[in-house]
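# A closer look at the structure
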Amino acid sequence: FTVVPAIPQGAKRIAYGLDFGFTNDPTAMVGVYLADGKLFVEELLYEKGKTNADIAAHLHQVGLQNFDLLVADSAEPKSIEELYRAGFNVKPAKKGADSINLSIDILRRYPLCVVSSSINLLKELRSYKWQTDKNGISINKPVDYNNHAIDALRYVALNCLQTPRAGKYSIR
């Protein structure tokens, strides 16, 4: 990935991604944009202790409109419904067998540019690791730790950047 000062003017917003947290994990939200064949990502929220009402207030604060697509962690249908009732165009992330690796493969198709103010996302990307077997050889499975903003990014990739037949909310 490359660190950039800002989302470039004229970049097309793909969607926002949202990974719910509360006590032990932060709620993480990113904005994902496309320009010149590159993905641009900006961290917009990364905090513990946020209720759904707090999240909705933050969405308003960062300027989300009711038509902006927000792809959220499908493991929290009640939270998704509450944000939907608050007027947001929130959809559950389509997950499935091997969706983590599939979404990472989709992200690898694009040069990734991360806005410099996205401190937590940058920390996660710099510390992202793959599991190893007993001989220390990397296996094709990421370690599920400290990846909340990355998960929010993956939800957008999996649900919006696939081909139309495969991606539920595809933009292509």
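The paragraphs below set out a description of the structure included in this document.

What counts, and where the lines are drawn
- Residues numbered from 1 in each chain as written.
- Predicted model: local features only at pLDDT ≥ 70, side-chain atom pairs only at ≥ 80, totals over all residues.
- Heavy atoms only, no water.
- Pairing = 2+ DSSP bridges.
- Helix = DSSP H or I, 4+ residues; strand = E, 2+ residues; numbered from the N terminus.
- Axes fitted to C-alpha atoms, helices over the stretch in contact; angles between N-to-C directions.
- Salt bridge = Lys/Arg side-chain N within 4 Å of Asp/Glu carboxyl O.
- Parallel < 35°, antiparallel > 145°, perpendicular 65-115°, else oblique.
- Contact = heavy atoms within 4.5 Å.
- Buried < 20%, exposed > 50% of the residue type's maximum accessible area, 1.4 Å probe, protein only.
- Nonpolar A, V, L, I, M, F, W, Y, C, P; charged D, E, K, R; others polar.

### Considerations on the sheet that holds strand β4 (residues 38-47)
- As summarised here, the arrangement of the 7 strands in space is β1-β7-β4-β3-β2-β5-β6, forming an open sheet in which the pairing is mixed. A strand with exactly one partner marks an edge of an open sheet, and here the two such strands are β1 (2-4) and β6 (89-92). Adjacent strand axes in the sheet meet at a mean angle of 30° when their direction is disregarded.
- Pairing geometry for strand β5 (residues 69-72) and β6, over 4 bridges, is parallel. For V71, the partnering residue across the bridge sits in β6 and is K91.

### A closer look at the pattern of salt bridges
- Per the stated rule, a full pass over the model turns up 6 salt bridges.
- Between E47 and K50 there is a salt bridge; the shortest N-O distance is 3.6 Å.
- Close ionic contact of D151 with R154 constitutes a salt bridge, the shortest N to O distance being 3.2 Å. With D151 and R154 both in helix α5 (residues 148-160) and 3 residues apart, this pair spans about one turn of that helix.

### Re the packing of helix α4 (residues 119-127) against α5
- Relative orientation of the contacting elements α4 and α5 amounts to 90°, with a least axis distance of 8 Å. The pairing of α4 with α5 is recorded here as roughly perpendicular in orientation. Contacts from L121, E124 and L125 in α4 reach H148, A149 and I150 in α5.

### Some words on the pairing of β5
- Along β5, one buried face is formed by L69 and V71 and the opposite face, lined by L70 and A72, is buried too.
- Here 3 bridges tie strand β2 (residues 12-19) to β5, and the two strands are oriented parallel to one another. Bridge pairing in β5 places L18 opposite A72.

### Regarding the packing of helix α3 (residues 99-107) against α5
- With their axes 8 Å apart at the nearest point, α3 and α5 run at an angle of 80° to one another. Classified by the angle between their axes, α3 and α5 sit roughly perpendicular to one another. Residue-level contacts link S99, I100, L102, S103, I104, I106 and L107 of α3 to L153, R154, A157 and L158 of α5.
- In terms of residue class, the contact of α3 with α5 is built from 8 nonpolar, 2 polar and 1 charged.

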